[in-house]
Amino acid sequence: MAKHSKPISERKLSWHVEQADSCLVPHGDTPISGTQSRKNKKPAEEPLDPEEERQTKRLRLDTEMDTDFIEPLGVLKGFDGPNAGNKLMMKNSANEDIHNLSDNVNQNTSKETAIEKGGTNQNPPQDPAAGVPDHIKVHVPKLKERLQMQYDQSDRTVPPELQILNECTPSQLEGLCSLLQLSECPENELLQFCTWLVALSPDLSYSSTAVLVAKLFLPRVLLLTEPASWTLTTALMVFSSKYTRSVCCTLISSILQAPGKGHEQIKIVCKLIEECLEPEYVRLVFRHITEVAWSEDILTILHSLLGRQVELSTEIFNVLVLNLCHMAPECASSMHYAKLLLAVLTKYQKSITLAHQQRLSCALDLNKTLLKKSLQIALKRVASG
């Protein structure tokens, strides 16, 4: 028991030590936990009252999971340091560009905040617009004029001046967006601009569209306190139809990491998942969601993800089950959580291993909702299948 009395900050040091975990091993014998070993040695005891029995189950679940798999526990306890989101479970070199991009977006946001607050930086950041070459700046007045004109949305004729976007480096494009005031422009102008962007040929690079997402949508969406307008939502959906990866890695990833995300931000993410993302991008969002601390908001997004019923890798599904099991004590009375567990047990029945069943059984023992019996029946069906 002394092992589990260590502060969480100390346990964080062991994240990088690989430990055997039955949930990550699809075959072979399941290791006998310390709890099971002690069961064999203890003499029979008097029956516990209901409250003591519930506490025993809670301790058993915490002990088994904490011993077998340290990393998800670190995430769920929510190490609130500034870099917590970068020390998480999924280690995949193919995602390095995603993490780097998210870091860049966060760093830019921090710089802008420091400027607004009148920071005492001895070398204040240079205005992005200052780095825009003259041969690009010359197109700004005409582009502003075109944006302010009324257009038929069915007309996707791209203004010739917009071809300059393909000549910009990402930093130059950031400056051009500032000159055009795209972060503050009226939403009807935003929709028109996005209509042109998806019709532009050749296609813009990933780095360029990531800058555009950060400038066109991220500030607007993060500041939402009421439902997004039809115009803003349509502009985002139009842009996402062609440049989905940039939306996932810049907008959705940033919303997931935002400490102050609210109902409206979650609604935007769920709408994109349900109506816009192809299966490969649904899996990408799953990967992002395994890298943040989970809360009721994240459960809402998980419902939308599971509703798409895309095939998940063993790695991602393991993390999904482990995190859900770790949430069992704190979400014992949550119908939202219970419905999510039921979705996993019914929609991903073939992916659930014996090790998963053992963990899920412990989690269901703690459940106090009206769905507990349905959950136990669903788990028995998995076991009999």
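Residues numbered from 1 in each chain as written. Predicted model: local features only at pLDDT ≥ 70, side-chain atom pairs only at ≥ 80, totals over all residues. Heavy atoms only, no water.

Student: Just to check I follow, could you spell out the overall build of the protein for this structure?
Tutor: Looking only at helices and strands, one finds 20 helices and 0 strands in the protein. The buried share of the protein, taken over its 385 residues, is 46%. A separation of at least 24 residues holds for 81% of the contacts in the protein among residues at least 6 apart in sequence. When the accessible surface of the protein is totalled, it reaches about 20,100 Å², and 51% of it is carbon and sulfur. (Helix = DSSP H or I, 4+ residues; strand = E, 2+ residues; numbered from the N terminus. Buried < 20%, exposed > 50% of the residue type's maximum accessible area, 1.4 Å probe, protein only. Contact = heavy atoms within 4.5 Å. Areas by Shrake-Rupley, 256 points an atom, 1.4 Å probe, with all protein chains shown as cover.)

Student: I keep staring at the pattern of salt bridges and nothing clicks. Help me out?
Tutor: Side chains that differ in sign of charge can pair as their charged atoms come close. Evaluation of the coordinates by the stated rule reveals 6 salt bridges. Salt-bridge contacts for K271 lead to E275; the nearest nitrogen and oxygen are separated by 3.0 Å. Of this pair, K271 and E275 both sit in helix α14 (residues 263-275), 4 residues apart, which is roughly one turn of that helix. (Salt bridge = Lys/Arg side-chain N within 4 Å of Asp/Glu carboxyl O.)

Student: Is there a simple way to explain the packing of helix α13 (residues 244-257) against α14 in this structure?
Tutor: The axes of two packed helices give the description: the angle between them and the distance between them. The contact between α13 and α14 brings their axes to 10 Å, and the two run at 145 degrees. The element α13 and its partner α14 pack so that their crossing is left-handed. Of α14, the residues touching α13 (which contributes V247, L251, I252 and I255) are Q265, V269 and L272. Broken down by class, the residue content of the contact of α13 with α14 amounts to 6 nonpolar, 1 polar and no charged. (Axes fitted to C-alpha atoms, helices over the stretch in contact; angles between N-to-C directions. Left-handed = near helix turned anticlockwise from the far one by under 90°. Nonpolar A, V, L, I, M, F, W, Y, C, P; charged D, E, K, R; others polar.)

Student: Which parts of the structure should I look at to understand the packing of aromatic side chains?
Tutor: Any pair of aromatic rings gets described here by the distance separating the centres and the angle formed by the planes. Scanning all chains against the criterion turns up 3 aromatic pairs. Members of the aromatic cluster, joined through ring pairs, are F217, F239 and Y243. Stacked on the ring of Y206, the Lys or Arg R245 has its end atom at 4.1 Å from the ring centre. (Phe/Tyr/Trp six-rings, centres within 6.5 Å; stacked < 30°, edge-to-face > 60°. Lys NZ or Arg CZ within 6 Å of the ring centre and 35° of its normal.)

Student: Help me understand the environment of L173, please; the structure alone is not making it clear to me.
Tutor: With respect to the helices and strands, L173 occurs in helix α8 (residues 170-180). In this structure L173 comes out as buried when scored by relative accessible area, which is 1%. Between the alpha carbons of L173 and A129 there is a distance of 8.9 Å; along the sequence they are 44 residues apart. Discounting residues that sit within four places of it in the chain, L173 has contacts with L165, C168, S208, V211 and L212.

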